[in-house]
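# Structural features, examined
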Amino acid sequence: MNKKVKSKGALADPTRLRTLDKDDHAVIQVVIETPKGSRNKFAFDEKQRVFELKKVLPAGMTFPHDFGFIPGTLAEDGDPVDVLVLMDEPAFPGVLVKCRLIGIIEGEQGNKKKWERNDRVVAVEKQNHSYADIKVIDDLGKQFLRELEDFFVNYHELSAEKFRVIGVHGPKQARKRIEDGIRAARRA
């Protein structure tokens, strides 16, 4: 049965939320799409205004941290800017969390013919306990970053794509990428 979804009964469009917290512009707002520990990859479908199941990871592979996007931004891959959120407990799709930036993992995805940027901002949920002392991405340690890189490489291989890290930078570079994303969204 195909019924037209009335806007009154559908979700609000989380891509239209504020990028920055209204009370503290050092804090970004992130909409969680996929929770930590999930094998299911969810993404917000703007046309239908729902969170859609996009992919199921193989047994033994889960998202290492909550994964979401920054509203009001547009990245080079045509989607809002991606964010990996470090927090005490997993959230769930559609939750808005307020985060402080700690850095960015700059990456490229593609195949032999075509490569495109697909960076991941890394942020810490502002009221968490486990990562309270983490101020910059380097505070996480090389092993932590290597495990994140391995996850993204393996994740992209599921779609017959390659992923490579081209740089890891601190919060200033992450902020610049977000500002670029805000400008790109305004032009779109």
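Here's a quick rundown of the structure.

What counts and what doesn't
Residues numbered from 1 in each chain as written. Predicted model: local features only at pLDDT ≥ 70, side-chain atom pairs only at ≥ 80, totals over all residues. Heavy atoms only, no water. 1 Å grid on protein atoms, 1.4 Å probe; cavity = no way out; pocket = protein on both sides within 12 Å on 5 of 7 lines; lining within 4 Å. Points joined across faces, edges and corners; volume = space filled by probe spheres on them. Helix = DSSP H or I, 4+ residues; strand = E, 2+ residues; numbered from the N terminus. Nonpolar A, V, L, I, M, F, W, Y, C, P; charged D, E, K, R; others polar. Polar contact = N/O pair within 3.5 Å; in protein donor to acceptor, adjacent residues only side chain to side chain. Contact = heavy atoms within 4.5 Å. Core = buried A, V, L, I, M, F, W, Y, C linked by side-chain atoms within 4.5 Å. Buried < 20%, exposed > 50% of the residue type's maximum accessible area, 1.4 Å probe, protein only. Pairing = 2+ DSSP bridges.

### Some details on the layout of surface pockets
- What the largest pocket holds in volume is close to 840 Å³.
- Lining the largest pocket are 36 residues; nearest its centre among them are Glu33, Ala43, Gly78, Asp79 and Pro80.
- The set of elements that each furnish at least two residues to the lining of the largest pocket consists of strand E2 (40-45), strand E3 (50-56), strand E4 (66-69) and helix H1 (142-157).

### Quick word on empty space enclosed by the protein
- Applying the stated criterion across every chain yields a total of one cavity of 30 Å³ or more.
- In this structure, the largest cavity occupies an estimated 30 Å³ of space.
- Forming the boundary of the largest cavity are Ala75, Glu76, Val81, Asp119 and Arg177.
- Residues of the lining of the largest cavity, tallied by class, amount to two nonpolar, no polar and three charged.

### Describing the side chain of arginine 100
- Counting through the fold element by element, arginine 100 comes out in strand E6 (residues 96-110).
- Engagement of the side chain of arginine 100 in a polar contact is seen with the backbone oxygen of alanine 132, the distance being 3.3 Å.
- Setting aside residues no more than four positions away along its own chain, arginine 100 makes contact with Ala123, Val124, Tyr131, Ala132, Ile134 and Lys135.

### Topic: the nonpolar core
- Among the nonpolar cores identified, the biggest contains 21 residues, and Leu86, Ile102, Tyr131, Leu140 and Phe151 are the most heavily contacted of them.
- Take this core: its biggest share by element is six residues, from H1.
- The contacts of tyrosine 131, once residues within four sequence positions are left out, are His65, Leu86, Met87, Arg100, Val124, Leu140 and Phe144.
- Residues Val30, Val81, Val85 and Leu101 belong to the second largest nonpolar core, which totals 19 residues.

### Points about the pairing of strand E5 (residues 82-86)
- Counting buried positions along E5 yields five of five residues, so the element is predominantly enclosed.
- What you see with E5 is no split at all: Asp82, Leu84 and Leu86 on one side and Val83 and Val85 on the other are buried throughout.
- Sheet analysis places E4 next to E5, joined by four bridges and oriented antiparallel. Pairing of phenylalanine 67 across the sheet is with leucine 84, part of E5.
- Across five bridges, E5 lies against strand E8 (residues 120-125) in parallel orientation. Looking across to E8, one finds that leucine 84 is bridged to valine 122.

### A look at unusual backbone geometry
- Located in the positive-phi region is arginine 49, a residue other than glycine, with phi close to 60°.
- Within the fold, arginine 49 resides in the loop between E2 and E3.
- We note that alanine 160 has phi near 60°; this positive angle belongs to a residue other than glycine.
- Along the polypeptide, alanine 160 turns up in the loop between H1 and strand E9 (162-169).
- For alanine 160, a relative accessible area of 66% puts it in the exposed group.

### Examining the pairing of strand E1 (residues 27-34)
- Taking burial as the measure, the eight residues of E1 include eight buried ones, the bulk of the element.
- As paired elements, E1 and E6 share five bridges and run antiparallel to each other. Within E6, the residue paired with glutamine 29 across the bridge is lysine 98.

### Some remarks on the environment of aspartate 180
- Inspection of the secondary structure puts aspartate 180 in helix H2 (residues 171-187).
- Separated by 74 residues in sequence, aspartate 180 and glutamate 106 have C-alpha atoms that sit 14 Å apart.

### Comments concerning the environment of phenylalanine 151
- As for its position among the elements, phenylalanine 151 is in helix H1.
- With relative accessibility at 9%, the residue phenylalanine 151 sits in the buried group.
- Along the sequence, phenylalanine 151 and methionine 61 sit 90 residues apart, while their C-alpha atoms lie 8.6 Å from each other.
- Setting aside residues up to four positions removed in sequence, phenylalanine 151 forms contacts with Leu57, Met61, Thr62, Phe63 and Pro64.

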